[in-house]
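# Chains, contacts and geometry: an overview
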Amino acid sequence: MDSRKLILLVGALMVAALTAFAARSMLVGSPAPEAAAMGAVAPRIDGPEVLVATRALPVGTILDASALKFQPWPKELVENAYYMRSGTDMGKLIGTVVRLPITAGQPVTQGQLVKPGDRGFLAAALGAGMRAVTVPVSAQTSVAGFVFPGDHIDLILTQSVEGDGPPLRASETVMRNLRVLATDQRTTDQKDDQGNTVVQTFSTITVEATPKIAEQIAVAQTIGTLSLSLRSLADNASELDRAIASGTVSVGDAKDATAEEAALDRLANTPQTGNTTYAVGADVSRFQRRTVPLRNNASAPAPSMPGMPGMPGANAAAGAASAGPKVRIARGNAVTEVSVAGKN
């Protein structure tokens, strides 16, 4: 081979090798600055730790340990009304009520919270248009004391329907999704020396209800015995999903995600009535009734004739009609008595 061609071939190979090395260096070395930027440590905030909200807290929220946390805050933005880590007892803030709305990540000020025992505490805990109703309970009807402020419950009415023979025993879930505000005038959980919640029985419970439901609760207390049924945390979300899917509840077409979340939260915490479920004695024991017992027609007062109330002739005729032999006719569970007096 000609020496000139050999020199040109060697030169071409060297140029190709240098080009390949440069290209490899560019491909391998380019992500390095980006990786370094992504792994850069965020600048440390020079300031004290203040109390902030971990989520949006609307008016009337009863605070728990998961709603608040301490985080550093720029010292030039710190206000005197903020809760500082130094000098703040978190245990005393648990059970307080939000008086003014707090957005997620916003520092909590002392004027935004109402403590138990302060004037207007219960009024601040109530939502707009809601009422506070106190219900008497016992250890047997209050889930043995395992109900605390902030929980949601159902109310079960148990009653006896009188009539001929044994009464009908029945229980019915009359109100659902009631928020507990206080138990025996206590609005917070009591803790022991180790910080554990102390379970105590109570004789009264205060719940949040609409004005109409408040009236129904007052009537229900005169009918029979009210018992509490503690709701699961997942019940509200599942019931709300079913209501939205069926079209019973509409959240509108708002494009604001915050407004939509607030609407869903409000709907999930609304007390409900109607569409009640019930159980009677026969569902528990075969020796109990399933239907309402009928009263003896012979013992009922004689009615007046239509259009002529109180006329002696009408009452006398009704009394005569109710006297004499009768035939009792049974059609399934319905029993009627027909007078056969004066008939051949």
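Residues numbered from 1 in each chain as written. Predicted model: local features only at pLDDT ≥ 70, side-chain atom pairs only at ≥ 80, totals over all residues. Heavy atoms only, no water.

## Digging into the overall build of the chain
Which entries qualify depends on this criterion: Strands are runs of DSSP state E lasting at least two residues, helices are runs of H or I lasting at least four, and both sets are numbered from the N terminus onward. Residue contacts are defined here by distance: any two heavy atoms, one from each residue, within 4.5 Å place the two residues in contact. Using a 1.4 Å probe, accessible areas were evaluated by the Shrake-Rupley method; residue-level cover was limited to the displayed protein chains.
Each helix and strand in the chain was counted, giving eight helices and 13 strands. The contacts of the chain with a sequence gap of at least 6 include a subset with a gap of at least 24, amounting to 66%. Working note: accessible area of the chain is about 22100 Å², and carbon and sulfur atoms make up 58% of it.

## A word on the nonpolar core
Test applied: Definition of nonpolar core: a set of buried residues of the types Ala, Val, Leu, Ile, Met, Phe, Trp, Tyr and Cys, connected through side-chain atoms within 4.5 Å. Each residue is assigned to one of three classes by its accessible area relative to the maximum for its type, calculated with a 1.4 Å probe on protein chains only: buried under 20%, partly exposed between the two thresholds, exposed over 50%.
The biggest cluster of nonpolar side chains holds 21 residues, and the ones touching the most others in it are I153, L155, L178, I205 and I217. Counting residues per element, the ones that place at least two in this core are β5 (131-136), β6 (152-161), β7 (168-183), β8 (204-209), α5 (211-223) and β9 (225-230). Every residue in contact with I153, bar those within four places of it in the chain, is listed here: V147, R176, N177, L178, V180, I205, V207, L228, S229, L230 and R231. Membership of the second largest hydrophobic core comes to 13 residues, among which are L51, F70, V98 and I102.

## Concerning the pairing of β7
Which entries qualify depends on this criterion: Should DSSP find at least two bridges between two strands, the strands are taken to pair.
Of all 16 residues in β7, 13 are buried, a share of seventy percent or more. Bridge analysis of β6 against β7 gives nine bridges, and the strand direction is antiparallel. Note that in β7 the partner of V161 across the bridge is L168. Connecting the antiparallel pair β6 and β7 is a turn made up of six residues, with G165 showing a positive phi of about 80 degrees. By the bridge criterion, three bridges tie β7 to strand β11 (residues 278-280) in an arrangement that is antiparallel. Bridged to E172 within β11 is Y278. Across two bridges, the pairing between β7 and strand β10 (residues 272-273) is antiparallel.

## Details of the pattern of salt bridges
Rules: The salt bridge criterion pairs a side-chain nitrogen of Lys or Arg with a carboxyl oxygen of Asp or Glu, the two atoms within 4 Å.
All told, the structure shown has six salt bridges when counted by the stated rule. Salt-bridge contacts for E49 lead to R85; the nearest nitrogen and oxygen are separated by 2.3 Å. Taken together, the positions of E49 in strand β1 (residues 49-53) and R85 in the loop between β2 (68-72) and α3 (90-93) put the pair 36 residues apart, joining distant regions of the chain. E49 sits in the partly exposed class, given a relative accessible area of 30%. The class for R85 is partly exposed, based on a relative accessible area of 47%. The salt bridge partner of D154 is R231, with a shortest N-O separation of 2.9 Å.

## Some points on the environment of T276
Its place among the elements puts T276 in the loop between β10 and β11. Expressed as a C-alpha distance, the spacing of T276 and R176, which sit 100 residues apart in the sequence, is 8.9 Å. Beyond its immediate stretch of four places on either side in the chain, T276 contacts E172, T173 and V174.

## Observations regarding the side chain of R231
Threshold: Under this definition, polar contacts are N or O atom pairs within 3.5 Å; protein pairs additionally need one hydrogen-donor-capable and one acceptor-capable atom, and for neighbouring residues in sequence, both atoms have to be side-chain atoms.
Summarising the element assignment, R231 is placed in the loop between β9 and α6 (233-246). Of the polar contacts made by the side chain of R231, one reaches the side chain of D154; its length is 2.9 Å.

## Here we look at the pairing of β6
Relative to β9, β6 runs antiparallel, the two sharing six bridges. Across the sheet, residue T158 finds its bridge partner in β9, namely T225.

## Overview of unusual backbone geometry
With a phi angle near 60 degrees, N177 is a residue other than glycine that sits in the positive phi range. Within the secondary structure layout, N177 lies in strand β7.

## So, the confidence of the model for the chain
The predicted coordinates ought not to be read in detail in places where the model reports low pLDDT. For clarity, the threshold we go by: What pLDDT conveys is the predictor's confidence in a given residue, as a value from 0 to 100.
Model confidence for the chain is summarised by a mean pLDDT of 76, while 67% of its residues fall at 70 or above. Taken as a whole, residues 300-321 scores under 50 in pLDDT and shows 13 contacts with residues more than four places along the chain or in a different chain.

## Focus: the environment of A104
The topology assignment puts A104 in the loop between β3 (97-98) and β4 (113-114). Along the chain, A104 and R55 lie 49 residues apart, while their C-alpha atoms are 4.2 Å from each other. Beyond its immediate chain neighbours, meaning those up to four positions away, A104 contacts A53, T54, R55 and A56.

## Quick word on α5
Which entries qualify depends on this criterion: Every helix has an expected span of 1.5 Å times one less than the residues it contains. This arc is built from the directions going out from the helix axis to the C-beta atoms.
Its 13 residues place the ends of α5 19 Å apart at the C-alpha level, agreeing with the 18 Å of an ideal helix rising 1.5 Å per residue. Regarding α5, the residues found buried are I213, A214, I217 and A220. Down the axis, α5 shows its buried residues gathered within 120 degrees of arc, on one side only. Relative to its buried face, α5 has exposed residues pointing more than 90 degrees away, namely K212 and T222. Where α5 is buried, its residues touch β5, β6, β7, β8, β9 and β10.

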